[in-house]
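An overview of the molecular structure
Here are the chains, one letter per residue:
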Amino acid sequence: MSSARDPRPLTGEPLALDLLNTRWNSDGVIQDLLADAEGLAVWLASNKLAGTHPADAAVLRHLRTAREAVKAAVDGSPQRAAPLVDAVLEHGRIRARLTAGGPAEEPEFADPAWGPAWLAARNYLDLLTRAPERIRTCAGGGCVLYFFDTSRNGTRRWCSMAACGNRAKASRHYARSKEG
């Protein structure tokens, strides 16, 4: 398990979007948390998956595959991306069970290395079921982050009001003051 701090500017989004946010723009340079196993360990720990899935090459490879599949679905045509997402989902399933606490569902994987990738792809399907129109890309210039809009009226535009939102407002203010 990694004790390294998560360097990403936006965390805590639903798993599928958090996986997309493993790439971010820092001063014009795209950073990639999944560039190596150490970054993978940070991501697994941030999503409470570290104890159940190792930060090894197979998990890293499968997560990158899932990230590209979900990105294709969010950014492009869901019809063209469906085979990519389905290819990830083929590696797991939901197992229904009756437990002492009542009905339960748990994910099951033929190869545990696909676990985190499958969970992210499955989470994307859940987001599509809940509110696909609330899966958003940040409107901040140069920002490449994604978020699930949980605002009451569904009009959130930025990944973070403190960062991208503030920059946009400051830019508009500067433009207005230059005109006057």
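Everything below is about the structure printed above this text.
Rules of the game
- Residues numbered from 1 in each chain as written.
- Predicted model: local features only at pLDDT ≥ 70, side-chain atom pairs only at ≥ 80, totals over all residues.
- Heavy atoms only, no water.
- Buried < 20%, exposed > 50% of the residue type's maximum accessible area, 1.4 Å probe, protein only.
- Helix = DSSP H or I, 4+ residues; strand = E, 2+ residues; numbered from the N terminus.
- Contact = heavy atoms within 4.5 Å.
- Polar contact = N/O pair within 3.5 Å; in protein donor to acceptor, adjacent residues only side chain to side chain.
- Salt bridge = Lys/Arg side-chain N within 4 Å of Asp/Glu carboxyl O.
- Pairing = 2+ DSSP bridges.

Points about helix α2 (residues 37–46)
The set of residues buried in α2 consists of Gly-39, Leu-40, Ala-41, Val-42, Trp-43 and Leu-44. Where α2 is buried, its residues contact α1 (15–20), α3 (57–75) and α5 (115–130). In this structure Asp-36 caps α2, since a side-chain oxygen of it lies 3.2 Å from the backbone nitrogen of Glu-38. Phi for Lys-48, located one or two positions after α2, is positive at around 55°.

Observations concerning the pattern of salt bridges
Where side chains of opposite charge bring their charged atoms close, a pairing between them can arise. Scanning the entire structure with this criterion turns up 14 salt bridges. Two residues, Asp-6 and Arg-8, come together in a salt bridge whose shortest N-O distance is 2.8 Å. Here Asp-6 matches Arg-8 in class, with each residue buried. As a salt-bridge pair, Asp-32 and Arg-23 come within 4.0 Å of each other at their nearest N and O atoms. The exposure class assigned to Asp-32 is partly exposed, which follows from its relative accessible area of 28%. The class for Arg-23 is partly exposed, based on a relative accessible area of 25%. Through salt bridges that share partners, Arg-93, Arg-95, Arg-97, Glu-106 and Glu-108 make up one connected network.

Remarks on the pairing of strand β2 (residues 29–32)
Two strands pair when backbone bridges link them, and strand β1 (residues 23–26) and β2 are joined in this way by four bridges, in the antiparallel orientation. Residue pairing across strands places Asn-25 opposite Ile-30, the latter belonging to β2. In this structure, the hairpin formed by β1 and β2 is closed by a connection of two residues, where Asp-27 is found at a positive phi of approximately 55°.

Looking at unusual backbone geometry
Notably, Asp-27 is not glycine yet its phi reads approximately 55°, a positive angle. The topology assignment puts Asp-27 in the loop between β1 and β2. The residue Lys-48 is not glycine, and still its phi comes out positive at about 55°. Inspection of the secondary structure assignment puts Lys-48 in the loop between α2 and α3. A relative accessible area of 74% places Lys-48 in the exposed class.

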